[in-house]
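In case you want the letters, here they are:
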Number of protein chains: 4
Amino acid sequence: MYQAGLIGITGYTGMELARILATHPNISLKYATSRQENGKYIEELYPFLRSYPIGKVQITDFDATTITKECDIIFLAVPHGTAMNTVGEIFQLATKLNKKIKVIDLSADFRIKDPQLFENWYQIKHNQTALLKNAVYGLFDLYEEQIKEASLIANPGCYPTASILGLYPALSHNIIKKDIIIDAKSGTTGAGRKAQVPSLFCEVYDNFRPYSIGGKHRHTPEIEQELSRLTQDTIIVSFNPHLLPIERGILNTIYAPLSQNITLQEIHTLYQKTYQNKKFIRILPLGQLPETRNVRGSLFCDIGIAVDNRTQKLIITSAIDNLARGASMQAIANANLCLGLDVDTNINFAPVCP
Amino acid sequence: MYQAGLIGITGYTGMELARILATHPNISLKYATSRQENGKYIEELYPFLRSYPIGKVQITDFDATTITKECDIIFLAVPHGTAMNTVGEIFQLATKLNKKIKVIDLSADFRIKDPQLFENWYQIKHNQTALLKNAVYGLFDLYEEQIKEASLIANPGCYPTASILGLYPALSHNIIKKDIIIDAKSGTTGAGRKAQVPSLFCEVYDNFRPYSIGGKHRHTPEIEQELSRLTQDTIIVSFNPHLLPIERGILNTIYAPLSQNITLQEIHTLYQKTYQNKKFIRILPLGQLPETRNVRGSLFCDIGIAVDNRTQKLIITSAIDNLARGASMQAIANANLCLGLDVDTNINFAPVCP
Amino acid sequence: MYQAGLIGITGYTGMELARILATHPNISLKYATSRQENGKYIEELYPFLRSYPIGKVQITDFDATTITKECDIIFLAVPHGTAMNTVGEIFQLATKLNKKIKVIDLSADFRIKDPQLFENWYQIKHNQTALLKNAVYGLFDLYEEQIKEASLIANPGCYPTASILGLYPALSHNIIKKDIIIDAKSGTTGAGRKAQVPSLFCEVYDNFRPYSIGGKHRHTPEIEQELSRLTQDTIIVSFNPHLLPIERGILNTIYAPLSQNITLQEIHTLYQKTYQNKKFIRILPLGQLPETRNVRGSLFCDIGIAVDNRTQKLIITSAIDNLARGASMQAIANANLCLGLDVDTNINFAPVCP
Amino acid sequence: MYQAGLIGITGYTGMELARILATHPNISLKYATSRQENGKYIEELYPFLRSYPIGKVQITDFDATTITKECDIIFLAVPHGTAMNTVGEIFQLATKLNKKIKVIDLSADFRIKDPQLFENWYQIKHNQTALLKNAVYGLFDLYEEQIKEASLIANPGCYPTASILGLYPALSHNIIKKDIIIDAKSGTTGAGRKAQVPSLFCEVYDNFRPYSIGGKHRHTPEIEQELSRLTQDTIIVSFNPHLLPIERGILNTIYAPLSQNITLQEIHTLYQKTYQNKKFIRILPLGQLPETRNVRGSLFCDIGIAVDNRTQKLIITSAIDNLARGASMQAIANANLCLGLDVDTNINFAPVCP
């Protein structure tokens, strides 16, 4: 049984991590931290976890020494900026204690490889560039081997997960021009659990709205970095998110001009081949399109392929559960891998539909 | 007081027409027809209209002679294919009776000017081509004068309304290339009131799905026809709709490459000028984006303008209430105009937010 | 044209007041106040009101002198406790200025006639008992004449509106025993627009929860006071509210044992007679039950009557729009009446269904 | 590995059964039947199950001989009336084949022990009274031993599950009078997957409505039968259901007068003791109330206890997932038990919150 720490349990990603860990057969949550909920039992904060052993874990304030000493793996579900300092502190202590530790950071702090690019988009100077160099981007379908060996895993952003998995086969097979538009739609757990008026029920329900239109969203450089790295090319995308009045789910509709004479059937075959051994990526049969409910509460990324013949565009639709695949369940997949467990230990849940 | 007939009251557009007519000071609903609800009072079918005089109107089976004789204006809220026959019958009778009658058709039957194009997309031969020639496309912001004189008005589709109003200023000022992508999202009233599994609550709620991806939706030729006509050019669009788990509302995110060196501020000014006297089109200040709730239950079309500088794309976001502006309230606006009333008689409702 | 002031525009009741006033033909919003939004134009705060003259009203900080001098009517949409002080200040100034002014208080401060009872439930000492004595309870269906003459109107609570209207006919005709249970369900606008975690979208959506179960909700004494007053008896109720994942709407299911041998048909007739001239109360035909959507965005209170013969209970179901009938639209009805206007001026909206 | 048959896969209970069986380690779905979807693969009907072995099971028409021969356990998710005939046919064949078979019927056909009472409420004559006598009511928390031995299990109704579990401790300890009101609220999966207008998204969303008010719902006799049997008394309840605009979840608010001088704390202790070894019943701490999201996708029944001191009523609130605990997950629990497996095999899912 591996001992786990969870730093920042009060947000939706922390909540989902606790939910999945509640039934994990090989990882036990030992420490959960939160400044504001310090002292409470998890079952008081999250009554849905009552009666699970995890419910009796008492939330503490963060203490680097204790958590580093007693945990095998630490999940960070804290805001960017905060995460890098905490990760730095943990690894410093681990070195001093001569202890091997695994860290999964769910923030953006270790995703962008270029510190200057990070600073441009996040307005924070990166102060852990040595750790940044060794951090592995935790998209386990593509980087499984590196993740197994990694100490520090930068858990991917939700939009990037759905975007990269959707575009990778087309880009790597060179069938689209580099004029890519991602029209992204996300459920509201993506906006976090902070008390703020725009996230209130009556501001979101029966409503739909775009935001950060025109290349302003911070997931843009993450998508571009990974697509560029995977294709050994410079990929620029126009990424445009919208807020859906649902809890869980991202659906991306991705547009790119076809670069060659290729049939829809051929494209579909390429997609299937690219992901043929990837258990959690499902290429839908031609004519079918993904829906967020088909992946709800699961690790699946569903991908649909279509071509608009009148305008010669490839249209890729990809769907994930932003909270599960796009954050906490993917974090557990990464944890499983780097601890030497089966990737799908305790996360092979059938989607909750309806 | 003008006497009105409503053919097909059982769908959502018929329901919304009844709702608006319930309080109209100058138009009185005299006949409402439905095969399956024949004999019921409107208040039995629609309890929310109880206590309004309209509630006491008894639904009848369709009888062309009576309705043509006794009505000044007829609304058709029946499926395409059916509408053209009924409209043909009404005008034939009207001619025989030497009676001037106004007809607002909410179906697609008189929207597409080219009968062959209509047949290609709708798989039905048009059998009223003479009437088709004289039908006026009821986008009152752009065709107000023609609507005032028209006998037969083809009420625009919901997606076309939001698409055309969003694109017209950019296209008519030649600031975008003709490589247009419309990523459209609609509330579920757009799917109609037919009893079918995919429209059930538990198939739509907490879900989001694309459909008719790749230029397969029938609103495509309508958008292209109007944009081509307005710009005297051949406009092709990639139109891709999605189903939102909300009742009312369309939000289109429209992408097109900029064709010239122009600032966002200049584009914004062009949009404002184009629509400066159009009461029901609101160009949002720069930095603001439309939301479906801001137009719910109203005739407004809200338009937001952004530029993705990294990819040199103009991104237009336009929002309407698909049922009100995209169908029945627009039909009443057209009725007002062609009856010589103020366009906004009984439809100047403030949006219902929240 | 009457000049109106609105103190506290940032909550949902303030928002809805602004929305209705936007199209009111006889009342013009001159002042709108908010500490935190001070300086903004209403259309910046509420983009859905853009293009209405009200959108150009600039929000100010509260200044008692200005507002008292320049307004004919003042709406208070501020928390209880705050309201009583502000009302006191306004009437003191009005007396000094020898000015007649009408005040509609949407808080609870002037609803409970007994200051001690108020203190028990609200934990605040009432400091305006003189004004309290003259305040009229603004349930216009029952107190129309008093409202016409009133200077200070205590706008009823949302739950009490639906509860009192539902119970009054049965109690006043003595057909039920005084063992009354109100199982109440309210939409989330009732929880206010304060930024707090329990009101977040992801805490309310796809969820249903009871709260303040067991006679703990502050609307209890208000319901009891009015029912006791109307029946000249002492009425105690068990009032138990629940939170619905919808925006607008209250539905109360009210249970009471029948006290006499009376048929359902007779009860129904009594209900119809009691409210026969009440335009905004609709007694549904036997066999029909109210739904929140049938009253959405309207002033209607829909009431359904049933009897459980096996247990000899009368079951009354009553539905209102908590924000419209339960707060702001009722406030405008009261304003209309006390200003000498037709009660339904600008509030005779057909329910927004769907 | 036990072989299972599922008769009637197209409804929500069939869908949920397939979902749970998809990952069951000891039960394998061999046959799934549906008249209208005959020939399809499960993954075509339910794309969310793609990539699971169950997705490759081909749906067939019902054939009693094959299914009886090749299955160890059969789930019936067909309408009442149909179920009894099918069950009769299966057991007749099993006897002929000298084969032991287990049948879990999710319909109402074997729940009501008195055939005449069944006929009164369901308007169908019971034609399998011999089987009816031996059928075990599948509320596993209370009838675990009988279920283990049973051949035919009548899976409880959703409302009865939440009602009986909520009331049993109070009734069995004699602390309430037999004047019981159940105000029940259910998510829309409870209305089934039949294509009908009242179940359409736009008829349910942003709406709340009562139905079958006044003791007309067919779950009434089931609740009364079980409570009477468990307490050896005659229990009559006033059961009144409402439709919630959510997918999964029932919350019952149950009212009954206290029959003796007992403190809330004592009642709470009684509840805890009654269910102390019941893993899937959670008595909430005093002051906490159940929410449907806290049990979503799980087998839990959460129960909250309150007393209205002013009216001396016990108010029990109980919540379940109507589709999981109220139907298909409970069916799997029963299957596990009667097959000799651990009750919680593959159904110990943490609730999906949010």
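Everything numeric in this text was worked out from a predicted model, so none of it was measured.

The rules behind these values
Residues numbered from 1 in each chain as written. Chains lettered and ligands numbered in written order. Predicted model: local features only at pLDDT ≥ 70, side-chain atom pairs only at ≥ 80, totals over all residues. Heavy atoms only, no water. Salt bridge = Lys/Arg side-chain N within 4 Å of Asp/Glu carboxyl O. Helix = DSSP H or I, 4+ residues; strand = E, 2+ residues; numbered from the N terminus. Buried < 20%, exposed > 50% of the residue type's maximum accessible area, 1.4 Å probe, protein only. Contact = heavy atoms within 4.5 Å. Buried area = accessible area lost by both parts, 1.4 Å probe. Least-squares fit on C-alpha atoms with pLDDT ≥ 70 in both. Pairing = 2+ DSSP bridges. Axes fitted to C-alpha atoms, helices over the stretch in contact; angles between N-to-C directions. Expected span 1.5 Å × (residues − 1). Bend = angle between axes of the 7 residues up to and from the residue. Polar contact = N/O pair within 3.5 Å; in protein donor to acceptor, adjacent residues only side chain to side chain. Left-handed = near helix turned anticlockwise from the far one by under 90°. Nonpolar A, V, L, I, M, F, W, Y, C, P; charged D, E, K, R; others polar.

**Student:** Quick rundown of the pattern of salt bridges? Include the residues and the values.
**Tutor:** On inspection of all chains with the given rule, the structure shows 104 salt bridges over all chains. Its salt-bridge partner being D321 of chain B, residue R248 of chain B comes within 3.0 Å of it at the nearest N-O pair. Pair noted here: R248 of chain B is in the loop between β10 (237-243) and β11 (250-257) and D321 of chain B is in the loop between β14 (313-320) and α12 (324-338), with a separation of 73 residues, a long-range link. For the pair R248 of chain B and D321 of chain B, a shared accessibility class is recorded, and that class is buried. The shortest N-O distance in the salt bridge between R50 of chain D and E43 of chain D comes to 3.3 Å. Among the residues examined, R50 of chain D registers a relative accessible area of 11% and is labelled buried. Residues participating in the shared-partner salt-bridge network are R193 of chain A, E203 and R209 of chain C together with E291 and R293 of chain D.

**Student:** Can you lay out the interface of chain D and chain B for me, pointing to particular residues and giving the numbers?
**Tutor:** Counting residues at the interface gives 19 residues for chain D and 19 residues for chain B. Together, the buried faces of chain D and chain B total about 1800 Å²; carbon and sulfur atoms form 65% of this surface. Area buried by chain D at its contact with chain B is led by F201, C202 and E247 of chain D, which between them contribute 36% of it. Put simply, chain D and chain B have two salt bridges between them. For E203 of chain D, the salt bridge goes to R193 of chain B, with nearest N and O atoms at 2.9 Å.

**Student:** Kindly report on the relation of the copies chain B and chain A, identifying the contributing residues and their values.
**Tutor:** When chain B is brought onto chain A, the operation consists of a screw motion whose angular component is 180° and whose axial shift is 0.0 Å, with 0.0 Å RMSD remaining. In symmetry terms, the pair is related by a two-fold rotation axis. In this assembly, 100% of the residues forming the interface of chain B have copies in chain A that are likewise at the interface, indicating an isologous arrangement.

**Student:** Got a sec to walk through the sheet that holds strand β11 (residues 250-257) of chain A? Specific residues and values, please.
**Tutor:** All names here are of chain A. What the seven strands build is an open sheet, ordered β9-β10-β8-β11-β14-β13-β12; its pairing is mixed. Single-partner strands in this sheet number two, and they are β9 (209-210) and β12 (281-283). Across the sheet, helix α8 (residues 158-172) is in contact with β8 (180-186), β10 (237-243), β11, β12, β13 (301-308) and β14 (313-320); its angle to β14 comes to roughly 140°.

**Student:** Summarise the sheet that holds strand β6 (residues 136-137) of chain C; cite the residues concerned and give the values.
**Tutor:** Residue and element names in this part refer to chain C. What the seven strands build is an open sheet, ordered β3-β2-β1-β4-β5-β7-β6; its pairing is parallel. The open sheet is flanked by β3 (59-60) and β6, the only strands paired with a single partner. As defined by bridge partners, strand β5 (residues 102-105) adjoins strand β7 (residues 152-154) across three bridges and the pair is classed as parallel. Bridge assignment links V103 to a residue of β7, and that residue is L152. Lying over the sheet, helix α1 (residues 12-21) contacts β1 (2-7), β2 (27-33) and β4 (73-76), oriented at roughly 160° with respect to β1.

**Student:** Can you lay out the side chain of H268 of chain A for me, pointing to particular residues and giving the numbers?
**Tutor:** All names here are of chain A. Positionally, H268 belongs in helix α11 (residues 264-274). For H268, a relative accessible area of 6% corresponds to the buried category. Among residues more than four places away in sequence, those in contact with H268 are I283, L284, P285 and L286.

**Student:** Explain α8 of chain A to me, and be specific about the residues and the numbers.
**Tutor:** All names here are of chain A. The end-to-end C-alpha separation of α8 is 21 Å, in line with the 21 Å expected for 15 residues at 1.5 Å each. Of all the bends found along α8, the most pronounced is centred on G166 and spans about 30°, while P169, a proline, follows it within four residues. Among the 15 residues that make up α8, 14 are buried, leaving the element largely enclosed by the rest of the structure. At the C-terminal side of α8, N174 shows a positive phi close to 65°.

**Student:** Which residues make up unusual backbone geometry, and what are the values?
**Tutor:** Of the consecutive residues C353 of chain C and P354 of chain C, the connecting peptide bond is found in the cis state with omega at 0°. The topology assignment puts P354 of chain C in the segment after α12 (324-338). One non-glycine residue, Q232 of chain B, adopts positive backbone phi at about 55°. Its relative accessible area of 73% is what places Q232 of chain B among the exposed residues. Of note, the phi angle at D206 of chain C is positive, near 50°, even though the residue is not glycine. Note that D206 of chain C resides in the loop between α9 (201-204) and β9 (209-210).

**Student:** Run through the environment of K40 of chain B, naming residues and quoting values.
**Tutor:** All names here are of chain B. Assignment of secondary structure puts K40 in the loop between β2 (27-33) and α2 (42-45). You can call K40 partly exposed: its relative accessible area is 33%. The spacing of K40 and S228 is 188 residues in sequence and 45 Å in space, taken between C-alpha atoms. Not counting residues up to four positions away in its chain, the partners in contact with K40 are V57, Q58 and I59. Of note is the side chain of K40, whose polar atom sits 2.8 Å from the side chain of E37.

**Student:** Can you break down the relation of the copies chain D and chain B residue by residue, with the values?
**Tutor:** Placing chain D over chain B gives an RMSD of 0.0 Å and needs a rotation angle of 180°, together with 0.0 Å of translation along the axis. Both copies contact each other with a shared surface, as 100% of the interface residues of chain D are interface residues in chain B too.

**Student:** Account for helix α4 (residues 82-96) of chain C, with residues named and values stated.
**Tutor:** All names here are of chain C. With 15 residues, α4 should cover 21 Å at 1.5 Å per step; its first-to-last C-alpha distance of 22 Å lies within 8% of that length. Those residues of α4 lying buried are A83, M84, T86, V87, G88, I90, F91, L93 and A94. Looking at the residues trailing α4, positive phi occurs at N98, about 55°.

**Student:** Before we move on, could you go through the packing of helix α7 (residues 140-149) of chain A against helix α12 (residues 324-338) of chain A and cite the residues and values that matter?
**Tutor:** Residues and elements named next belong to chain A. Direction vectors running N to C along α7 and α12 enclose 40°, while the axes themselves pass 9 Å from each other. Along this stretch, α7 crosses α12, giving a crossing that reads as right-handed. Residue-level contacts link F140, D141, E144, I147 and K148 of α7 to R325, Q330, A333, N334, L337 and C338 of α12. Residue classes in the contact of α7 with α12 are distributed as five nonpolar, two polar and four charged.

**Student:** Explain the interface of chain B and chain A to me, using residue names and the numbers behind them.
**Tutor:** By a widespread convention, an interface's size corresponds to the accessible area lost as its parts come together. Counting residues at the interface gives 50 residues for chain B and 50 residues for chain A. Carbon and sulfur atoms supply 55% of the area that chain B and chain A bury against each other, a total of about 3900 Å² over both sides. Looking at the side of chain B facing chain A, the largest losses of area belong to D206, F208 and R310 of chain B, adding up to 17% of the total buried there. For the pair chain B and chain A, the number of links is 12 salt bridges. Close ionic contact of R296 of chain A with D206 of chain B constitutes a salt bridge, the shortest N to O distance being 2.9 Å.

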